[in-house]
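A look at the structure
Spelled out, the chains give:
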Amino acid sequence: MSRVAKITRTTKETDITIELNLDGKGIGKVDTGIGFFDHMLLSFAKHGFFDLNVQCKGDLYVDGHHTVEDTGIVLGQVIKKALGDKQGIKRYGSFLLPMDETLVLCAIDLSGRPYLNFQAEFTQEKVGYMDTELVREFFYAVSYSAGMNLHIKQMDGTNNHHIIEAMFKAFAKALDEACSMDSRIQGVLSTKGTVE
């Protein structure tokens, strides 16, 4: 079964197309106009083994907020679409990712019920041309449009670049696990018979 999806979302602030293959090889092609954000999305693709194509034209003359948030919205939508009816998936995934002095925990439940628990402390306003406060906005948008319960927690770390990159990589690894198939699962992994 092919788990590939493509979504385009156009507003007065952004024009975004994202194509995602959940069973890819980690091949990424990303252009959002924000270099550090591109780097994070490429890391997400590589470490989650997702094939990801992101094309975004946003109102960067205002700032990066709409570009980052709306990309999160569309990425969440395309994850949800690619998962389909969630038959046979593990549903849960978690990863504790070290990166030099940094340690980040990410845990996911693809329950259909959105929630974000985000705990981090940034000491800089920007990394490259990306506002650090937009990291939480991105993951909030992903969690709510995908309908996932998402926990991201900085356990340790002082370098803002490392902290953010560890978050994106941990998210990729946890999502890869949650999306993976398990032949023991008949239907969906829920006593209710649904994960919506």
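Now for a description of the structure that goes with this document. (Residues numbered from 1 in each chain as written. Predicted model: local features only at pLDDT ≥ 70, side-chain atom pairs only at ≥ 80, totals over all residues. Heavy atoms only, no water.)

**Considering the overall build of the protein**
To be explicit about the condition: In this text, helices come from DSSP runs of H or I with a minimum length of four residues, and strands from runs of E with a minimum of two, each type numbered from the N-terminal end. Values of the radius of gyration come from C-alpha atoms, whereas the globule rule sets the reference at 2.2 Å times the count of residues to the power 0.38. Categorising residues by exposure relies on relative accessible area from a 1.4 Å probe, with only protein chains included: less than 20% of the type maximum marks a residue as buried, more than 50% marks it as exposed, and the intermediate range marks it as partly exposed. Note on contacts: a residue pair is in contact if any heavy atoms of the two residues lie within 4.5 Å. Each accessible area is a Shrake-Rupley estimate made with a 1.4 Å probe; only the visible protein chains count as cover when residues are assessed.
Assigned secondary structure in the protein consists of four helices and 10 strands. Counting helices and strands in the order they occur from the N terminus, the protein gives β-β-β-α-β-α-β-β-β-β-β-α-β-α. For the protein, whose C-alpha radius of gyration is 16 Å, the value lies close to the compact-globule estimate of 16 Å for 196 residues. With respect to the three principal axes, the spread of C-alpha positions in the protein is 50 × 40 × 30 Å. Here the protein, with 196 residues, has 50% of them falling under the buried criterion. In the protein, the proportion of contacts linking residues at least 24 apart, taken out of those at least 6 apart, comes to 77%. In the form shown here, the protein has an accessible surface area of approximately 9300 Å², with 49% of it arising from carbon and sulfur atoms.

**Quick notes on the pattern of salt bridges**
We apply this condition: For salt bridges, the criterion is a side-chain nitrogen of Lys or Arg within 4 Å of an Asp or Glu carboxyl oxygen.
Inspection of the entire model under this criterion finds six salt bridges. The partner of Arg-184 in a salt bridge is Asp-182, with the nearest N and O atoms 2.7 Å apart. A residue is classified by how much of its surface remains accessible, and Asp-182, at 15% relative accessible area, is buried.

**Some remarks on the packing of aromatic side chains**
Our working definition: By convention, a stacked pair of Phe, Tyr or Trp rings (six-membered ring in the case of Trp) has centres within 6.5 Å and planes under 30 degrees apart, an edge-to-face pair has planes over 60 apart, and any other such pair is tilted.
Under the criterion given, the structure shown has nine aromatic pairs. Summarising the aromatic geometry, the rings of Phe-138 and Phe-168 are spaced 5.2 Å apart at their centres and angled 25 degrees between planes, so their arrangement reads as stacked. In this pair, Phe-138 sits in helix 3 (residues 134-146) while Phe-168 sits in helix 4 (residues 160-179), placing the two residues 30 residues apart along the sequence. When sorted by exposure, Phe-138 lands in the same class as Phe-168, which is buried. By way of ring pairs, the aromatic residues Phe-37, Phe-44, Phe-50, Phe-118, Phe-138, Phe-139, Phe-168 and Phe-171 are connected into one cluster.

**Notes on the nonpolar core**
Threshold: The definition of a nonpolar core used throughout is a set of buried Ala, Val, Leu, Ile, Met, Phe, Trp, Tyr and Cys residues joined through side-chain atoms within 4.5 Å.
Core analysis: the biggest nonpolar cluster contains 57 residues, and Leu-52, Ile-108, Phe-139, Met-148, Phe-171 and Leu-175 have the highest contact counts within it. In terms of residues, this core owes the most to one element, helix 4, which gives 12 residues. Discounting chain neighbours no more than four positions away, the residues touching Met-148 are Ile-79, Ile-108, Asp-109, Leu-110, Arg-113, Pro-114, Tyr-115, Val-142, Ser-143, Phe-171 and Leu-175.

**As for the sheet that holds strand 10 (residues 149-156)**
Stated precisely, the cut-off is as follows: Two strands qualify as a pair provided that DSSP identifies no fewer than 2 bridges between them. Lines are fitted to the C-alpha atoms to define the axes, a helix being fitted only along its stretch in contact, and any angle between axes, read from their N-to-C directions, falls within 0 to 180 degrees.
Reading across from one edge, 5-6-10-7 is the order of the four strands in this open sheet, with mixed pairing throughout. At either end of the open sheet lies a strand with only one pairing partner, and these are strand 5 (92-99) and strand 7 (115-119). The mean inter-strand angle of the sheet, taken between neighbouring strand axes irrespective of direction, is 10 degrees. As paired strands, strand 5 and strand 6 (residues 102-109) are joined by eight bridges and run antiparallel to one another. Following the sheet pairing, Leu-97 is matched in strand 6 by Val-104. Here helix 3 sits on the sheet in contact with strand 7 and strand 10, set at roughly 160 degrees to strand 7. Sheet strands touched by helix 4: strand 5, strand 6, strand 7 and strand 10. Its angle to strand 5, the strand with the most contacts, is close to 150 degrees.

**Re helix 2 (residues 65-83)**
Our working definition: A helix is expected to span 1.5 Å multiplied by its residue count minus one.
If you check helix 2, its first and last C-alpha atoms are 27 Å apart, about what 19 residues at 1.5 Å a residue would give, namely 27 Å. The element helix 2 is extensively covered by neighbouring structure, given that 14 of its 19 residues are classed as buried. Gly-84, located one to two residues past helix 2, shows a positive phi value of around 60 degrees.

**Things to note about the pairing of strand 3 (residues 28-31)**
Where we set the bar: The handedness of a crossover follows from its direction of travel: if, with the strands pointing away from the viewer, the path from the first strand over the helix to the second runs clockwise, the crossover is right-handed.
The pairing of strand 3 with strand 4 (residues 51-58) spans four bridges and is parallel. Bridging from a neighbouring strand, Val-30 pairs with Val-54 of strand 4. For the handedness criterion, the β-α-β arrangement of strand 3, helix 1 (residues 35-48) and strand 4 is classed as left-handed.

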